[in-house]
Each structure stands twice: as C-alpha cells, then as structure tokens.
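Structure assessment
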Amino acid sequence: MKIIMLGAPGAGKGTQAKMIADQYGMPHVSTGDIFRANIKEGTELGKEVKSYMDQGLLVPDELTVKILLDRVGKEDCQNGFILDGFPRTIPQAEVLDKALAELGDAIDYAINVDVPDEHIIGRMTGRRACPTCGATYHIVHIPPRQEGICDGCGKELVLRDDDKLETVKKRLDVYHEQTQPLIEYYQEKGILRTINGTAAMQDVFTEIINILGK
Ligand code: AMP
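The following paragraphs examine the structure supplied in this document. Counting restarts for each chain, with residues numbered from 1 along the sequence as it is written. Local features in this predicted model are restricted to residues whose pLDDT is 70 or higher, and side-chain atom pairs enter the listing and the counts only when it is 80 or higher, whereas totals over whole chains, interfaces and linings include all residues. Computation of side-chain values: all heavy atoms of the structure, hydrogens and water removed.

Re the nonpolar core
Grouping buried Ala, Val, Leu, Ile, Met, Phe, Trp, Tyr and Cys residues that are joined through side-chain atoms within 4.5 Å yields what is termed a nonpolar core. The rule is simple: take the accessible area with a 1.4 Å probe, protein chains only, and divide by the maximum for that residue type; under 20% is buried, over 50% is exposed, in between is partly exposed. Core analysis: the largest hydrophobic core is formed by 27 residues, its most contacted members being Ile4, Leu83, Leu96 and Tyr186. Every helix listed is a DSSP run of H or I at least four residues long, and every strand listed is a run of E at least two residues long, numbered separately from the N terminus. Of all elements in the fold, only β1 (2-6), α2 (31-41), α3 (44-54), α4 (61-72), β3 (81-84), α5 (90-102) and α8 (181-189) reach the threshold of two or more residues within this core. The element best represented in this core is α4, accounting for 5 residues. Formed by 25 residues, the second largest nonpolar core is a distinct cluster that contains Ala17, Met26, Ile111 and Val168.

Below you can see the structure in the form of structure tokens.
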C-alpha cells in the first residue's frame, strides 16, 4: 500500500504517519526528517536546505524530488510506504505520479488530516521544549509539574523559533498557497480521504485504520 499524508504543519500528520507505519510494518518517509538529519550531520544537502527551513519556506522542488525518489527507490519501499510531508506542491505530486506510473504503480490513498488554522496556532505556540533533553510540553495540554521548567532535567523551557507565532503564520500561509491545492488534485483522482484532525490522537488513528482496512 502506498499512502500520502496531507495536512497543515502541526495538524498531527507526522504522529499519525508513524502510527500507521508501525501498524502496517511499512517505512515512514518524511522529507522534513531527512533534511533535519542532513543539517545535523552537516552534509552539503543540509547546508543547502537550512536557510529555507529556518524561514518556514519550502525547499525547491528539484532538490526535494530528487531526495524523495532516491528514498522510495530503496529496497524497503518496494512493497509500500507512507509519505509524510511530501508532496507539498503540485509539481512534486506530478513527478511522483509519473515515477510510479513508469513502474505500473500508483498512490492508493491520500489521507488529509484536517485541522483549522486557529487550532494549529494554539497547538504550536503553546509548545515548550527543553533545550537540553528535547522533551516537549504544552502550556495547556501537557504542562510540566513546575511552570516553565523541564520535569526531567530541571532546565528552563523555551519556545522554539519554529513554534513562534510569526513563523507558524508564515508556514500556514505557505501551506494554503502551495500545498492545499493538492487536496483537489487527489480528490479528482478519487483517492482523497479527509478526516477530522481535531479529535483525540487515538480516535484519529482509528478513523484512518477504518479507511485503510486491517
Ligand atoms: P516538516 O517536518 O514536514 O514540517 O518539514 C520541515 C521543513 O522542511 C519544511 O518547512 C520545509 O522547509 C522543508 N520540507 C519538508 N518537506 C518538504 C517538501 N516536500 N517540499 C519542500 N520543502 C519541504
């Protein structure tokens, strides 16, 4: 089975993608994770993509498509995969479809995790992270025992640049402009399934399993 996860940044599609990957034993392919790993390792690719990511902008299609096609060409993806964060533009979707069609293959489902912008802003700007151990909290939903302090290591929690209001708004603008058109693209292909992403994590997962089958 070949699946695409669609949804705005912060909609929870990454969490669901990992749960689906575990459930069906398929590789979880996240272009964001691949880019972050390259930045951490200081590779040429990492250097190239960092400034786009820091500004909440998309990495150019040509570069992203190459990385993605390399990854899904690997042995472990031959029986299926779940894509998280790709495609993010119509040209990316077209290249993927073409590459699969050449192999006589196609995407089976595009799962759209739908969450309104106001909800996403509340989720992301309320996040707090520990700069030492990486633990994450939410000022309302997962508060630390002592306000502003990490439960694990006692360090002061921070609001990540990524989660600042201005950056979140910028990423939502980019999403509406460049990624949202994919909803119609997959709708026309008859493989779009939209689910309510504001429900509890486990309920969202159950809804997805009902679509994909056991
Ligand atoms: P994510 O972890 O999926 O939210 O991705 C983090 C960042 O990586 C995005 O804000 C983009 O800068 C970049 N990125 C990830 N996937 C793509 C993609 N398919 N196309 C362009 N840029 C991407």
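Focus: the packing of aromatic side chains
Side-chain rings of Phe, Tyr and Trp, where Trp is taken by its six-membered ring, are said to pair if the distance between their centres is within 6.5 Å; with planes under 30 degrees apart they count as stacked, over 60 as edge-to-face, and otherwise as tilted. Under the counting rule described, the total for this entry stands at 1 aromatic pair. Summarising the aromatic geometry, the rings of Tyr185 and Tyr186 are spaced 5.0 Å apart at their centres and angled 85° between planes, so their arrangement reads as edge-to-face. Residue Tyr185 shares its accessibility class with Tyr186, and that shared class is buried.

Some remarks on the side chain of Asp84
Relative to the assigned elements, Asp84 resides in strand β3. Positive: Lys, Arg. Negative: Asp, Glu. His and the chain ends are not part of the count. By salt bridge we mean one thing: a side-chain nitrogen of Lys or Arg within 4 Å of a carboxyl oxygen of Asp or Glu. Although buried, Asp84 forms no salt bridge, and the nearest oppositely charged side chain, Lys13, lies 4.6 Å from it. Any pair of N or O atoms that falls within 3.5 Å is considered a polar contact. Within protein, one atom must be able to donate a hydrogen and the other to accept it, and sequence-neighbouring residues count only if both atoms are side-chain atoms. Among the polar contacts listed, one links the side chain of Asp84 to the side chain of His28, at a separation of 2.9 Å. Among all residues touching Asp84, those that are not within four sequence positions of it are Met5, Lys13, Gly14, Ala17, His28, Val29, Ser30 and Thr31. A contact between two residues is defined here by any heavy atoms of the two lying within 4.5 Å.

Some points on the packing of helix α7 (residues 165-179) against α8
Geometry of a packed helix pair, given as the angle between the helix axes and the separation of the axes. Look at α7 against α8: their axes get within 5 Å of each other, and the N-to-C directions meet at 35°. Touching Tyr175, His176, Glu177, Gln178 and Thr179 of α7 are Pro181, Leu182 and Ile183, all from α8. Side-chain classes are defined by residue name, with Ala, Val, Leu, Ile, Met, Phe, Trp, Tyr, Cys and Pro counting as nonpolar, Asp, Glu, Lys and Arg as charged, and the others, Gly among them, as polar. Broken down by class, the residue content of the contact of α7 with α8 amounts to 4 nonpolar, 3 polar and 1 charged. Note on geometry: axes are C-alpha line fits, over the in-contact stretch for helices, and angles between N-to-C directions span 0 to 180 degrees.

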